Amino acid sequence: MVFWILIAVMTAAAALSVLVPMSRARRSQDGPSGNADEAVYRDQLSAIEAELKRGLIEPEAAGAARTEIARRLLNAHDNHEREAGRISQAPRLKFVQGLALFALPAVAVGLYLFFGAPDVPDAPLAARLQAPAEEQSVDILVARVERHLAENPEDGQGWVVIAPVYLSIGRAQDSARAYAQAIRLLGPRQDWLTDMGEAMVIANQGLVPAEARQAFEQAAAMDASAVKPRFFLAIALGQEGRKSEAIEAWRNLIAGADGTEAWLGAARNELAELAGADGQSDRTSQTLAPRGPSQEDVAASQDMSPVDRQAMIRSMVSGLAERLADEGGSVSEWGQLMQAYVVLGEMQSAENALEDAQAAFADKPEDLSSIKDAARQLGLTGS
Amino acid sequence: MIVEFGHYALVLAFALSLVQSVVPLWGALARDDRLMAVAAPVSVTTFIMVLLSFAVLTNAYLTADFSVLNVLENSHSAKPLVYKFTGVWGNHEGSMLLWVLILVFFGALVGFFGGNLPKDLRAATLAVQGWISAGFILFLLATSNPFARVANPPLEGADLNPILQDIGLAIHPPLLYVGYVGFSITFSFAVAALILGRTDAAWARWVRPWTLLAWSFLTLGIAMGSYWAYYELGWGGWWFWDPVENASLMPWLAGTALLHSAIVMERREALKIWTILLAIFTFSLSLLGTFLVRSGVLTSVHAFATDPTRGVFILALLCFFIGGSLALYAWRAPALKQGGLFAPISREGALVLNNLFLTSACAAVFVGTLYPLFLDAVTGEKISVGAPFFNLTFGPLMVPLLIAVPFGPVLSWKRGDLLAASQRLYAAFGLAILMTVFTFWLWGMDMVLAPLGVGLAVWVMAGAVAEILTRVKILEIGPSRAFSRLIGLPGSAWGTSMAHFGVGVTVLGIVTASAFQEERIATVRPGDVVELSGYQLTFDGAAPRRGPNFTEEVGHFTIRQGGIFVAELDPSKRVYTARQMPTTEAAIHTTGFSQLYLSLGESRGDGAVDVRVYFKPLITLIWIGCVIMALGGAVSIADRRLRVGAPKPARKRKSAAPAPAE
């Protein structure tokens, strides 16, 4: 409301700047051009006199110049005699007054409503950052902490606060860096080292990089009972192709579990994977872990943080994909794989899975059509 | 809300300029005092409105209000305060708003200080100024609105183009714009004169201060831009014949010609039609410069935004103003009375000569700038017209002009005596010959043109001094009486001499800096010494450093001369983090008028780095000369005769008193 009042005041001031001078103007006696030019010529005449006195101009040249200027002066004077200022007759004045009173505000407000955005509030950065925390989005809270840390980079506790937040908003790289700062400033702690490693793994698309491995090793060394670093170390061993060590690590982990842990399903899966590929225990792994995520696994995954869950789904999906590629599987298993890819947003992988499935069931028309049905429901093109 | 307030002020300014475009002109044609009286107050109100909107935009930059699209795209919260401020015009929308602000500022100046003008001329001039304002405010609102909003702004902006984060940017565009846009007033005066059919000696007198003002600022703006390019681009060059530079040089040349032809018109009431045409051309060239730079026809540092709709809009404005004024000229000019005739050897003859050379030079620059664009548009062939073309066309045109400069002011009006004039310049001529010979002796005969160039520069400078001395007849009356006469000389005489002296100074700088420059390009490791022009530059190593919004690699050099410590120089290469854009920061050591210029190149690893070192003798004279020219302009404006007919202060106060609303 204040805004519109101010706008009304401004508009009124603009209109007055047209109306007031018109009403104040008096008819001038000496015509619209006044005697301004006569003044200029008189001054030119006196300048000639001054130059003559200084000897800068010859007397005869001065005389000629004087005649020239005098002629201009006379001309100007004659012109003024003919002109005389007029004062507006009613219709002309009324028209301009109408212009100022109606057209001016109409044009201004009309154009403003067209171009402007009166309902968008100002948003100076300082005010946005100072707004009460519950009204702010995560982005702003993060920016606030970042701003604080930019000014006080030695505040280890600040880095501890922001690191997990980074991970939860998908900035894994920044999270790892924040943990590293915290560790640098406050000294290593098992959980920070582990979380830093985890962030690095996530930033690295699920593969365990060397620095992350070192972090997990350091964490495991600090607290031998901690499960999480050992979990990741086991994954790392598997990724490095050191199967027997990996199987050993997983068995140790599972042996130490009391059977209620959320990660147990994933661990069993990994173990089954490694054991299966190794050909060591052929179908015995089936008894250890069911194929595909069981109800139990799903329930476990719901207890995990979103990041853990994502990692777990990924490891399960890749396990399923490998098994189907190596040994083949049922129609519903192929359907599961496609669906998993679609859920993860990896459409290209889903399409590839569909192609593989079609190839696998090429000689079974009934199964082939149910694969195609499933694909259609998932929105895959099958091209 | 504050932002929208500024937006409304801009829209209101548009509506007001429509009123300003119509009512005063109607009044001037109908000789209606009441309607003419509207002109001055409305021009002031329009200025206040645009000033308000500019202040609001500045405030948005200072408070980092990223809900304004323009701020979001061109600012960053970590930017140093001064660049938050100058960043307002470091982008297309903001710089156009500054352009409009200066445009209406000139309108307001005429409204405020134009009391000595005839009412009809003032009203018509302000009306024409109103057309230009309306056109450009509409351009802003429709195609480049600085107040466009963002509903859910992100927390950080895209930062200002790092090459523009420099204190030079803080000064260069406003100066240049005051110059560019200042010529809008002479244009408006010319069009008003054509409409009213009033072109006489008095008109030339009234236009002169405005031309001088615009010209002085344009001179400073060009010099500033040149110096900025010199130290920021890291190539050591001070003029590149870049189309954007040419775009500012063309109005300067035309404006200089206008300044001189207006003197003839004022004194002899001759060259009237030509002066009016020059006034139209000068601003047209300013508009052309704006079009070239803003439309994206040229890609350069200055092409902040390339958007075809903007280009088309400016082109339409250009056609309207240039085409319209030339059509009006074609229609009205034949009706104007021709002025008196004059002999070729006379002051006015010399001024005509000046105009011939200046306009030819302007045409050469015009062709060199626009021909490649034209060729590209018509045949698709891409050519580049560079320094060789301009050196071959612009250079030879300048030489005879410079030779003639000292003659102009010592020739008398109407019928001059070349012999008598030459006698007054004997001393200057002798000094020029002496300096030429001295330069030959100093540098040997292998460079022929450079000593002649030095001689030419000395000739212009000494000629300017000789002119002042002959004016007071120092030889006839002795120094003590001459001194009192010196003080009594009118400002315009001092201005002429200073400006001409400045031209000589600039020419001297150009000649020495380009002919006697020394250059060395080397790859150095810590401890290496580069030898140049008697200086030993020791590279002490390079180290990284963090600035507020950039990181840089700083090289540290110790400069010694014959083993004696002279200075430490830290050239650097910066990377601005927000845009990941590298820039070069040259380090410059000034000794006297000469400069040692150091710029870092590529890093070679293992601590080695490429470095370019220049020694540029007397290079600062180039810009010092420009400053002297601009000061000459200022002194000339101060001439009391330019205010003849201005209302006495007492009367003015009365009429300016706040009026009660009726």
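Here the structure is shown first, and the text comes after it.
As the structure is a prediction and not an experimental result, all values here were calculated from the model.

Undergrad: Please clarify how the overall build of chain A should be interpreted in this entry.
TA: Secondary structure summary: chain A contains 19 helices and zero strands in total. The buried share among the 383 residues of chain A stands at 42%. Of the roughly 20400 Å² of accessible surface on chain A, a fraction of 55% belongs to carbon and sulfur atoms.

Undergrad: Looking at this model, I keep getting lost on the overall build of chain B. Mind explaining?
TA: In terms of helices and strands, chain B carries 23 helices and 10 strands. Residues counted as buried form 60% of the 662 residues belonging to chain B. Long-range pairs, those at least 24 residues apart, make up 73% of the contacts in chain B between residues at least 6 apart in sequence. Total accessible area computed for chain B in this model is approximately 25300 Å², and 68% of it derives from carbon and sulfur atoms.

Undergrad: What is the right way to look at the packing of helix H14 (residues 387-404) of chain B against helix H18 (residues 449-471) of chain B in this model?
TA: The packing of two helices is summarised by the inter-axis angle and the distance between the axes. All names here are of chain B. Contact geometry for H14 and H18: axes closest at 9 Å, N-to-C directions at 35 degrees. For the element pair H14 and H18, the recorded crossing hand is left-handed. Of the residues in H18, those in contact with Val399, Leu402 and Ile403 of H14 are Leu456, Trp459 and Val460. When grouped by side-chain class, the residues that make up the contact of H14 with H18 number six nonpolar, no polar and no charged.

Undergrad: Looking at this model, I keep getting lost on the pattern of salt bridges. Mind explaining?
TA: Within the structure shown, the criterion is met by 25 salt bridges over all chains. Put simply, Glu38(A) and Arg42(A) hold a salt bridge, and the shortest N to O gap is 3.4 Å. Taken as a pair, Glu38(A) and Arg42(A) lie in helix H2 (residues 36-54) at a separation of four residues, close to a single helical turn. The exposure class of Glu38(A) is buried, given its relative accessible area of 6%. Given the relative accessible area of 47%, Arg42(A) is considered partly exposed. Glu552(B) is the salt-bridge partner of Arg545(B), the closest N and O atoms lying 3.0 Å from each other. Shared partners join several salt bridges into a network, and the residues in it are Arg213(A), Glu217(A), Glu240(A), Arg242(A) and Glu245(A).

Undergrad: I tried to follow the sheet that holds strand S10 (residues 608-616) of chain B on my own but got confused; where do I start?
TA: Two strands in a sheet stick together by hydrogen bonds in their backbones, pointing the same way (parallel) or opposite ways (antiparallel). All names here are of chain B. Here four strands make up an open sheet; going across it, the order is S1-S10-S9-S8 and the pairing antiparallel. The open sheet is flanked by strand S1 (518-524) and strand S8 (587-591), the only strands paired with a single partner. On average, each strand axis in the sheet is tilted by 15 degrees relative to the strand beside it, whichever way the strands run. Sheet analysis places S8 next to strand S9 (residues 594-605), joined by five bridges and oriented antiparallel. Of the residues in S9, the one forming a bridge with Thr590 is Gln595. Packing against the sheet, helix H9 (residues 201-232) makes contact with S8, S9 and S10, and its axis sits at approximately 40 degrees to S9.

Undergrad: What's the story with the nonpolar core in this structure? I'm lost.
TA: Nonpolar side chains tend toward joint burial in soluble globular proteins. If you look at the biggest cluster of nonpolar residues, it comprises 205 residues, and the most contacted ones within it are Val18(A), Trp99(B), Trp203(B) and Leu253(B). For Trp99(B), the residues in contact, after removing those within four places along its chain, are Phe136(B), Tyr177(B), Tyr180(B), Val181(B), Phe283(B), Leu287(B) and Thr290(B). Grouped together as the second largest cluster of nonpolar side chains are 45 residues, Leu167(A), Ala172(A), Met200(A) and Ala234(A) included.

Undergrad: Just to check I follow, could you spell out the pairing of strand S2 (residues 529-532) of chain B for this structure?
TA: Residues and elements named next belong to chain B. By the alternation rule, side chains of S2 split into Val530 and Leu532, which are all buried, and Val529 and Glu531, of which none is buried. Bridging between S2 and strand S3 (residues 535-546) involves four bridges; their strand directions are antiparallel. Across the sheet, the residue bridging to Val529 is Thr538, located in S3.

Undergrad: Help me understand unusual backbone geometry, please; the structure alone is not making it clear to me.
TA: Outside of glycine, negative phi angles account for most residues, and trans bonds account for most peptide bonds. Residues and elements named next belong to chain B. Residues other than glycine seldom take positive phi values, yet Ala64 does so here, at roughly 50 degrees. Within the element layout of this structure, Ala64 appears in the loop between helix H3 (39-62) and helix H4 (69-74). Of the residues examined, Ala64 reaches a relative accessible area of 4% and is grouped as buried. Here the phi dihedral of Leu271 falls at roughly 55 degrees; this positive angle occurs in a residue that is not glycine. Following the sequence through the fold, Leu271 ends up in the loop between helix H10 (243-268) and helix H11 (272-294).

Undergrad: Looking at this structure, how should I read H10(B)?
TA: Helical geometry: 3.6 residues make up each α-helical turn, so side chains three or four residues apart lie on a common side. If you check H10(B), its first and last C-alpha atoms are 37 Å apart, about what 26 residues at 1.5 Å a residue would give, namely 38 Å. Looking one or two residues past H10(B), Glu269(B) carries a phi angle of roughly 55 degrees, positive in sign.

Undergrad: Looking at this structure, I do not really get the interface of chain B and chain A. What am I missing?
TA: Much of the literature gives interface size as the accessible area that the parts lose upon coming together. On the chain A side, the residues contacting the 77 residues of chain B number 71 residues. Between chain B and chain A lies a buried interface of about 6300 Å² when both sides are counted; carbon and sulfur atoms form 62% of it. Per-residue buried area on chain B facing chain A is highest for Tyr8(B), Arg34(B) and Leu155(B); these three make up 13% of the total on that side. Summed over the shared surface of chain B and chain A, the result is three salt bridges.

Undergrad: What is the right way to look at the packing of helix H9 (residues 190-203) of chain A against helix H10 (residues 210-222) of chain A in this model?
TA: Residues and elements named next belong to chain A. Between H9 and H10, the shortest axis-to-axis distance is 8 Å and the interhelical angle comes to 155 degrees. Judged by the inter-axis angle, H9 sits roughly antiparallel to H10. Where H9 crosses over H10, the two elements pack in a sense that is left-handed. On the side of H9, the interface is formed by Gln190, Leu193, Thr194, Met196, Gly197, Glu198, Met200 and Val201, while H10 contributes Glu211, Ala212, Ala215, Phe216, Gln218, Ala219 and Met222. Residue composition of the contact of H9 with H10, by class: nine nonpolar, four polar and two charged.

Undergrad: Help me out: how do you make sense of the environment of Leu62(B) in this one?
TA: All names here are of chain B. If you trace the backbone, Leu62 turns up in helix H3. Classification of Leu62 by relative accessible area gives partly exposed; the value is 35%. Considering only alpha carbons, one finds Leu62 and Pro80, 18 residues apart in sequence, at a separation of 10.0 Å. Excluding anything up to four places from it in sequence, Leu62 contacts Leu81, Lys84 and Phe85.

Undergrad: I keep staring at the side chain of Ser133(B) and nothing clicks. Help me out?
TA: Within the secondary structure, Ser133(B) sits in helix H7 (residues 119-143). Excluding anything up to four places from it in sequence, Ser133(B) contacts Ser17(B), Leu103(B) and Val104(B).

Undergrad: I would appreciate a short explanation of helix H13 (residues 347-379) of chain B in the present structure.
TA: All names here are of chain B. If you check H13, its first and last C-alpha atoms are 47 Å apart, about what 33 residues at 1.5 Å a residue would give, namely 48 Å. Leu370 marks the point of greatest bend in H13, at about 35 degrees, and the proline Pro372 comes within the next four residues. Once H13 ends, the next one or two residues include Gly380, with phi positive near 80 degrees.

Undergrad: What is the right way to look at the packing of aromatic side chains in this model?
TA: Describing an aromatic ring pair means giving the distance of the ring centres and the angle of the ring planes. If you walk through the whole model with that rule in mind, you get 34 aromatic pairs over all chains. Ring centres of Phe114(A) and Phe115(A) lie 5.0 Å apart, and the angle between their planes is 75 degrees; on these two criteria the pair is classed as edge-to-face. Assessed through its relative accessible area of 23%, Phe115(A) is described here as partly exposed. Each ring, one from Trp215(B) and one from Trp252(B), has its centre 6.0 Å from the other, and the planes form 25 degrees; the classification is stacked. Placement of Trp215(B) in helix H9 and of Trp252(B) in helix H10 is noted, with a sequence separation of 37 residues between them. A relative accessible area of 5% places Trp215(B) in the buried class. Taken together, the ring pairs connect Tyr227(B), Tyr230(B), Tyr597(B), Tyr614(B) and Trp623(B) into an aromatic cluster. It is Arg574(B) that lies over the ring of Phe550(B); its NZ or CZ is 4.0 Å from the centre. Against the face of Tyr614(B) rests Lys616(B), its NZ or CZ located 4.7 Å from the ring centre.

Each value, and the rule that gives it
Starting afresh in each chain, residues are numbered from 1 along the sequence in its written order. Labels follow written order: the first chain is A, the first ligand is 1, and so on. Where local features are concerned, this predicted model is filtered to residues with pLDDT of at least 70; where side-chain atom pairs are given and counted, the filter is 80 or more; whole-chain, interface and lining totals use all residues. Only hydrogens and water are set aside when side-chain values are computed; all heavy atoms of the structure are taken into account. Helix and strand definitions follow DSSP, with helices as H or I runs of at least four residues and strands as E runs of at least two, each counted in order from the N terminus. Only protein chains enter the calculation, and the probe is 1.4 Å; a residue is then buried if its accessible area is under 20% of its type maximum, exposed if over 50%, and partly exposed in between. Note that accessible areas follow from Shrake-Rupley with a 1.4 Å probe, and for residues the cover is restricted to the protein chains shown. Note on contacts: a residue pair qualifies if any of its non-hydrogen atoms lie within 4.5 Å across the two residues. Helix axes are fitted to C-alpha atoms over the stretch in contact, other axes to C-alpha atoms as well, and angles between N-to-C directions run from 0 to 180 degrees. With the far helix as reference, a near helix turned anticlockwise by less than a right angle produces a left-handed crossing, and one turned clockwise produces a right-handed crossing. Polar here means any residue other than Ala, Val, Leu, Ile, Met, Phe, Trp, Tyr, Cys and Pro, which are nonpolar, and Asp, Glu, Lys and Arg, which are charged; Gly is therefore polar. Should a side-chain nitrogen of Lys or Arg be within 4 Å of a carboxyl oxygen of Asp or Glu, the pair is scored as a salt bridge. Pairing between two strands requires that DSSP report at least two bridges joining them. Residues belong to one nonpolar core when they are buried, are Ala, Val, Leu, Ile, Met, Phe, Trp, Tyr or Cys, and are joined through side-chain atoms within 4.5 Å. Here the expected length of a helix is defined as 1.5 Å per residue gap, with one fewer gap than residues. Summed over both partners, the accessible surface that disappears when two parts come together, traced with a 1.4 Å probe, is what is meant by buried area. Put simply, angles under 35 degrees are roughly parallel, angles over 145 are roughly antiparallel, angles from 65 to 115 are roughly perpendicular, and the rest are oblique. Fitting axes to the seven residues ending at a residue and to the seven starting there, one defines the bend at that residue as the angle between these axes. Here is the rule: rings of Phe, Tyr and Trp (six-membered ring for Trp) pair when centre to centre is within 6.5 Å. Planes less than 30 degrees apart are stacked, more than 60 are edge-to-face, and the remainder are tilted. By definition here, charges over rings are those cases where NZ of Lys or CZ of Arg is within 6 Å of the ring centre and within 35 degrees of the ring normal.

Interpretation note: all reported values are geometric properties and have no functional meaning in isolation.
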